[in-house]
Amino acid sequence: MSGPDELSCDLLVIGSGAGGLSAAVTAAWLGLDVIVIEKEAQFGGTTAWSGGWMWIPRNPLAQAAGIDEDIEVPRRYLRSELGDGYDEDFVAMLLEQGPRMVSFFQNETSLAFIDGNRIPDFHDRSDGSATGGRSLCAAPIDGRMLGSRIKDLRPPLAEVAPFGMSIASGADLQHFLKATRSLSSFLHVARRLGRHAFDMLRHGRGMHLVNGNALVARLLKSADDLGVRLMAGTPAGDLIRAGDKVVGVVATKAGLPLAIRARRGVVLAAGGFPHDTARKAALFPHAPTGQEHWSAAPLANSGDGIRLGEKAGGHVRAGLSDAGAWAPVSLVPKANGDVGRFPHLIERAKPGLIMVRRDGRRFVNEADSYHDVMKGLFSATPPGEAAEAWLICDHAFLRRYGLGRVRPRPFPTGFWLRNGYLRKGRSPDALARACGIDPAGLKATLASYNHDAKRGSDPQFGRGDSPYNRVQGEASHQPNPCVAPIASAPFYAVRIVPGSLGTFAGLRTDASAHVLDAADRPIPGLYAVGNDMSSMMAGRYPAGGITLGPAMTFGFVAAHDAAGVPLANNRS
Ligand SMILES: Cc1cc2nc3c(=O)[nH]c(=O)nc-3n(C[C@H](O)[C@H](O)[C@H](O)COP(=O)(O)OP(=O)(O)OC[C@H]3O[C@@H](n4cnc5c(N)ncnc54)[C@H](O)[C@@H]3O)c2cc1C
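The shown structure was predicted, so the numbers you read here are calculated from the model rather than taken from an experiment.

Asks: Got a sec to walk through the site of the ligand? Specific residues and values, please.
Replies: The local shell around the ligand holds 36 residues, among which Glu38, Thr46, Thr47, Asn301 and Leu548 are the closest. Here an oxygen atom of the ligand sits 3.1 Å away from a polar atom, N or O, in the main chain of Gly19. Within the backbone of Leu548, one N or O atom sits 2.7 Å away from an oxygen atom of the ligand. Protein coverage of the free-state accessible area of the ligand, which is 1,000 Å², stands at 97%. A class-by-class count of the residues in the shell around the ligand yields 15 nonpolar, 17 polar and 4 charged.

Here it is, written out as structure tokens:
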């Protein structure tokens, strides 16, 4: 019997990102009574801020488009990418259950997907890499479809969403970048802005939901349709155990303790530790006090799930090549004194941008993945020095693509110059002095880069060499979509600090998402998914979507285990 301050269910999920909601929706569909508790006032976590891309080789959308890969090809890619971190059990689970997970959500819930069939893997030189057919994203959705639930959906990340309006990658983004140069793009943007203004007035938020916001919206709708009890503002505080077995959670609701009993288990899905200072100090070599890292993930992701797992006997997997999904971040001053974190995911591959350290030298192919760019910065930074760099571009680039939080034409730049976010110089020398960069170093770098850029080449770091670079670049800019001279004064810079999209190190689990104890035995009743589960990529980053793809897949897997339904038997 449950009292007023006690609830019970079959499966209790802690956290409402992709990992938690995938587990919750699947379990409810399999017949379990499910509760999701969320610490914040709104659901969605980092997932709601994300691009929403999931890396699922052999997914049904790729197959429908005629991309029919043998399972051995992505397996070879993971083997070559993950090296000694390769774990056949996890890889088999992702490659076999990932497509099944997509079919399940597509056929049985409110999820719909768009394909990423032209998105290449990050590393074309690794055996088994593909130039597409391994990614998908939630399809955009009209927020009205959620009814009153829309108010519970975390809005998109303010730094990347102009006026709260998410821009979808692909065609939508291209229209925004070309709005001042193409009539059809101008009309597209005008329509989008008009509709957004209407939605803001009418609903107080954008209703054309895309990317990770659409993924969470669709998962929330599915959860509601299946009767999942969704409880926001309900942080998990402690696990309830009976002997070795986890049988529930003590949470806090409206300041009061609330015990929730879970007959089939508890799923830790609290989104890793991007804001756990102590764990960052322990696991991020560039952040000796834990303060030298500015993750773009929400502040509520403070490592609660991992700590709960440890208290129950779990442990954090050691030996990952990198404990976080690194990303270059710039710090955005806000009117209220806060500092926003802008993750630089888009503009680095466009033609006419380089990145230098304070010695004025380049250190990496800036068009490579966010993770690889930061690894390059960490390697180039001498011990004891802060890992910082500057994105450098000229006037033509700034007005065409923008730079971080500074939007392209027709948006003004004065505000960003006055608050110091954007630095400007009439010459490379003046820009270097405005940033504290060695002027001679920057001058030499630009001379050498521009010399080759006139021919569209970058012999030093190979911008534009890989399919991934070129897709991220500017297709119409030839011969190299990622290379143009940086020559039209004035020149601009934005400072980059180490950041992340989330964390990779997490609780050690088996491939069914059971949290393992120190002797590698499953802790009865305890699962971890999403970033609370240590990444199956072992700290490597083979492709975009390698957190959300596994988060969705292992949520699906954990739910089957909790429901006692064999995976092979799922009806989709
Ligand atoms: C700008 C950006 C773009 C990204 N794009 C992509 C992409 O396209 N593809 C990709 O694979 N990855 C992407 N990522 C990374 C990805 O979003 C995250 O790795 C992923 O969302 C993590 O999912 P999760 O379910 O583990 O956690 P989250 O989505 O963060 O959800 C965890 C939830 O748990 C809640 N919580 C925390 N503590 C408690 C507690 N004590 N009790 C109850 N609830 C709690 C949190 O509030 C949060 O809502 C991106 C990240 C960012 C920041």
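Asks: I'd love a proper account of unusual backbone geometry, names of residues and values included.
Replies: Of note, the amide linkage connecting Arg409 to Pro410 takes the cis form, showing an omega dihedral of 10°. Locating Pro410 in the fold gives a position in the loop between helix 11 (395-401) and helix 12 (414-418). Following Gln478, the chain continues into Pro479 via a peptide bond in cis, with omega recorded as 10°. Inspection of the secondary structure puts Pro479 in the loop between helix 15 (467-472) and strand 17 (491-503). Its identity is not glycine, yet Ala513 carries a phi of approximately 75°, on the positive side. Along the chain, the position of Ala513 falls in the loop between strand 17 and strand 18 (514-516). By relative accessible area, Ala513 is classed as buried at 0%. Although it is not a glycine, Ala538 adopts a positive phi angle of roughly 55°.

Asks: How would you sum up the environment of Phe556? Please name residues and give values.
Replies: Along the polypeptide, Phe556 turns up in helix 16 (residues 548-563). Accessibility expressed as a relative area gives 0% for Phe556, which makes it buried. Along the backbone, Phe556 and Gly98 are 458 residues apart, and their C-alpha atoms lie at a distance of 8.8 Å.

Asks: So what's going on with the packing of helix 3 (residues 72-82) against helix 4 (residues 88-108)? Which residues, and what values?
Replies: Two numbers describe how helix 3 lies on helix 4: the axes approach to 11 Å, and their chain directions differ by 145°. Viewed along their axes, helix 3 and helix 4 form a crossing whose handedness is right-handed. Contact with helix 3, carried on its side by Pro74, Arg75, Leu78 and Arg79, involves Glu88, Val91, Ala92, Leu95 and Glu96 of helix 4 and no other residues of that element. Among the residues forming the contact of helix 3 with helix 4, the class breakdown is 5 nonpolar, no polar and 4 charged.

Asks: Give me the lowdown on the state of the cysteines, citing residues and values where you can.
Replies: Here a disulfide denotes a covalent bond joining the sulfur atom of one cysteine to the sulfur atom of another. Enumeration over the complete set of coordinates arrives at 0 disulfides. You can see Cys482 has no disulfide; the closest cysteine sulfur is in Cys393, sitting 15 Å from it.

Asks: Which residues make up the sheet that holds strand 4 (residues 113-115), and what are the values?
Replies: Strand order in the open sheet made by the 3 strands is 3-5-4, with antiparallel pairing throughout. Pairing within the sheet leaves two strands with one partner each, and these edge strands are strand 3 (53-55) and strand 4. With direction set aside, neighbouring strand axes in the sheet form an average angle of 35°. Pairing of strand 4 with strand 5 (residues 135-138) involves 3 bridges; the strand directions are antiparallel. Paired with Phe113 across the bridge in strand 5 is Ala138.

Asks: Lay out the nonpolar core with the relevant residues and their values.
Replies: Among the nonpolar cores identified, the biggest contains 147 residues, and Ile14 and Ile37 are the most heavily contacted of them. When residues of this core are assigned to their parent elements, the largest contribution, 10 residues, is made by helix 16. Counting residues in hydrophobic clusters, the runner-up holds 16 residues, among them Ile354, Leu431, Cys435 and Ala493.

Asks: Before we move on, could you go through the layout of surface pockets and cite the residues and values that matter?
Replies: As a volume, the second largest pocket reaches approximately 440 Å³. Forming the walls of the second largest pocket are 25 residues, and the residues nearest its centre are Pro285, His286, Pro288, Phe378 and Ala387. Each residue belonging to the lining of the second largest pocket can be placed in one class, and the counts come to 15 nonpolar, 5 polar and 5 charged.

Asks: A description of helix 6 (residues 183-203) should follow, citing residues and the corresponding values.
Replies: Given 3.6 residues per helical turn, the α-helix brings residues three or four places apart onto the same face. Between its first and last C-alpha atoms helix 6 spans 29 Å; for 21 residues at 1.5 Å apiece the expected length is 30 Å, and the two agree. The inward-facing, buried residues of helix 6 abut helix 5 (171-177) and strand 7 (208-209). One or two steps after helix 6, the chain reaches Gly204, where phi turns positive at roughly 75°.

Asks: Tell me about the packing of aromatic side chains, residues and numbers included.
Replies: Inspection of every chain in the model, using the stated rule, returns 17 aromatic pairs. Between the aromatic rings of Phe90 and Phe554, the centroid separation amounts to 5.7 Å while the plane-to-plane angle is 50°, which identifies the pairing as tilted. Note that Phe90 is positioned in helix 4 and Phe554 in helix 16, a separation of 464 residues in sequence. Look at Phe554 and you get buried, because its relative accessible area is 0%. Measuring from centroid to centroid gives 5.6 Å for Phe122 and Tyr541, while their planes differ by 40°, and the two rings are tilted. Taken together, the positions of Phe122 in the loop between strand 4 and strand 5 and Tyr541 in the loop between strand 19 (522-528) and helix 16 put the pair 419 residues apart, joining distant regions of the chain. Summarising the burial analysis for this pair, Phe122 and Tyr541 share the class buried.

Asks: Talk me through empty space enclosed by the protein; I want residue IDs and the actual numbers.
Replies: This structure, assessed with the given rule, holds 3 cavities of 30 Å³ or more. If you add up the space inside the largest cavity, you get close to 90 Å³. Forming the walls of the largest cavity are 13 residues, and the residues nearest its centre are Gly530, Asn531, Ser535, Thr547 and Pro550. Tallying contributions element by element places helix 16 first for the lining of the largest cavity, with 3 residues. Among the residues forming the lining of the largest cavity, the class breakdown is 7 nonpolar, 6 polar and no charged. Counted as a void, the second largest cavity has a volume near 40 Å³. Along the walls of the second largest cavity sit Arg362, Ser448, Tyr449, Asp452, Ser457, Asp458, Pro459 and Gln460, which together make up its complete lining. Among the residues forming the lining of the second largest cavity, the class breakdown is 2 nonpolar, 3 polar and 3 charged.

Asks: A description of the side chain of His275 should follow, citing residues and the corresponding values.
Replies: With respect to the element layout, His275 can be found in the loop between strand 11 (256-268) and helix 8 (277-283). Under the relative-accessibility criterion, His275 is labelled buried at 14%. One polar contact links the side chain of His275 to the main-chain carbonyl oxygen of Ala297, over a distance of 2.7 Å. Setting aside residues up to four positions removed in sequence, His275 forms contacts with Lys280, Ser295, Ala297, Pro298, Leu299, Asn301, Ser302 and Arg341.

Procedures and definitions
Within every chain, residues take consecutive numbers counted from 1 along the sequence as written. The predicted origin of the model limits local features to residues at a pLDDT of at least 70 and limits the giving and counting of side-chain atom pairs to 80 or more, whereas totals for whole chains, interfaces and linings rest on all residues. Derived side-chain values reflect all non-hydrogen atoms in the structure, with water molecules and hydrogen atoms excluded from consideration. Summary of the distance rule: residues count as near a molecule or strand when at least one heavy atom falls within 4 Å of that molecule or strand. Whenever a nitrogen or oxygen atom comes within 3.5 Å of another N or O atom, the pair is scored as a polar contact, on the condition that within protein one atom can donate a hydrogen and the other can accept it, and that pairs from neighbouring residues in sequence are kept only if both atoms are in side chains. Here the Shrake-Rupley method, with its probe set to 1.4 Å, supplies the accessible areas, and only the displayed protein chains count as covering residues. We call Asp, Glu, Lys and Arg charged. Ala, Val, Leu, Ile, Met, Phe, Trp, Tyr, Cys and Pro are nonpolar, and the rest, Gly among them, are polar. For the purposes of this entry, the term helix denotes a DSSP run of H or I that reaches at least four residues, the term strand denotes a run of E that reaches at least two, and both are numbered from the N terminus. A simple rule labels every residue: compare its accessible area, found with a 1.4 Å probe on the protein chains alone, to the largest value its type can have, and call it buried under 20%, exposed over 50%, or partly exposed in between. Only the stretch in contact is used when fitting a helix axis, every axis being a line fitted to C-alpha atoms; angles between N-to-C directions are given from 0 to 180 degrees. Crossings are assigned a handedness: left-handed for a near helix turned anticlockwise from the far helix by less than a right angle, right-handed for a clockwise turn. The contact rule is simple, with two residues in contact once any of their heavy atoms fall within 4.5 Å. Any two cysteine sulfur atoms lying within 2.5 Å of each other are counted as a disulfide. DSSP calls a pair of strands paired once it identifies at least 2 bridges connecting them. By nonpolar core we mean a set of buried residues, namely Ala, Val, Leu, Ile, Met, Phe, Trp, Tyr and Cys, connected to one another through side-chain atoms within 4.5 Å. Put simply, the grid is 1 Å and covers the protein atoms alone, a cavity is a trapped set of points that fit a 1.4 Å probe, a pocket is an open set with protein on both sides within 12 Å along at least five of seven lines, and lining residues have an atom within 4 Å of a point. Grid points are joined across faces, edges and corners, and a volume is the space filled by probe spheres set on the points. Any helix carries an expected span of 1.5 Å times its number of residues minus one. Pairing of aromatic side chains requires ring centres within 6.5 Å, counting the rings of Phe and Tyr and the six-membered ring of Trp. Pairs whose planes differ by under 30 degrees are stacked, by over 60 edge-to-face, and all others tilted.

Without other data, these values stay purely geometric and don't point to any function.
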